[in-house]
Amino acid sequence: MTKKISREIWRQMESFAGYSFNKAHSASYAVESYQSLFLKTYYPLEFMVAVLNNYGGFYNRKVYVNEARISGGTICLPCVNQSIFNTSIQGKDIYLGFDCLQNLEGKLARRIISERERYGAYQSMGTLSKGRKRALSRSLS
């Protein structure tokens, strides 16, 4: 092999290096893409709930909520009697979680859930208020 040919081969390899891609990485990415496409196609609401609980992707949270609505889901705002900390799904009803509420401390959100599990559903603002006072006094002590 002449020096000229070896330099040309090396030059071509260098220029291709910017475009080459690790086969193992591309294969695993292909599998993940296929699985995601399958789930989004056959389980669109569950897929969107999982994306929301994974805190997004490229787009704002509202885009994924709207995608779930377009896919047939009923979007329910965070509810003291139905929601949990993360977004959840019950049939076609998607309950946004307490983590969607800006400035709501995680400790208080978890306490609302534990109070509901311990004492049953909140019946009025009064029971929520009493539960919150109990929760706050316990979390501060």
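Our subject is the structure that appears above.
Just so it is clear, the model here is predicted, and its values are computed rather than measured.

### Topic: the sheet that holds strand E2 (residues 88-90)
Right, on to step 1. Here we have three strands laid out as an open sheet, ordered E1-E3-E2, and mixed in their pairing. What marks the edges here is a single partner per strand, and that holds for strand E1 (74-76) and E2. When strand polarity is set aside, the average angle formed by the axes of neighbouring strands in this sheet is 25°.
Right, on to step 2. Pairing of E1 with strand E3 (residues 93-95) involves three bridges; the strand directions are parallel. Pairing of Cys76 across the sheet is with Tyr95, part of E3.
Right, on to step 3. In this fold helix H3 (residues 44-53) packs onto E2 and E3, with an angle of close to 160° to the strand it touches most, E2.

### Description of the packing of H3 against helix H4 (residues 61-70)
Right, on to step 1. At a closest axis distance of 9 Å, the pairing of H3 and H4 adopts a crossing angle of 165°. On the basis of their axis angle, the class for H3 and H4 is roughly antiparallel. As H3 packs across H4, the resulting crossing turns out to be left-handed. Every residue of H4 that contacts H3 at Leu45, Met48, Val51 and Leu52 is listed here: Arg61, Tyr64, Val65, Glu67 and Ala68.
Right, on to step 2. In the contact of H3 with H4, the residues fall into seven nonpolar, no polar and two charged.

Parameters and conventions
- Residues numbered from 1 in each chain as written.
- Predicted model: local features only at pLDDT ≥ 70, side-chain atom pairs only at ≥ 80, totals over all residues.
- Heavy atoms only, no water.
- Pairing = 2+ DSSP bridges.
- Helix = DSSP H or I, 4+ residues; strand = E, 2+ residues; numbered from the N terminus.
- Axes fitted to C-alpha atoms, helices over the stretch in contact; angles between N-to-C directions.
- Contact = heavy atoms within 4.5 Å.
- Parallel < 35°, antiparallel > 145°, perpendicular 65-115°, else oblique.
- Left-handed = near helix turned anticlockwise from the far one by under 90°.
- Nonpolar A, V, L, I, M, F, W, Y, C, P; charged D, E, K, R; others polar.

Functional significance is not addressed by these values, which are geometric in nature.
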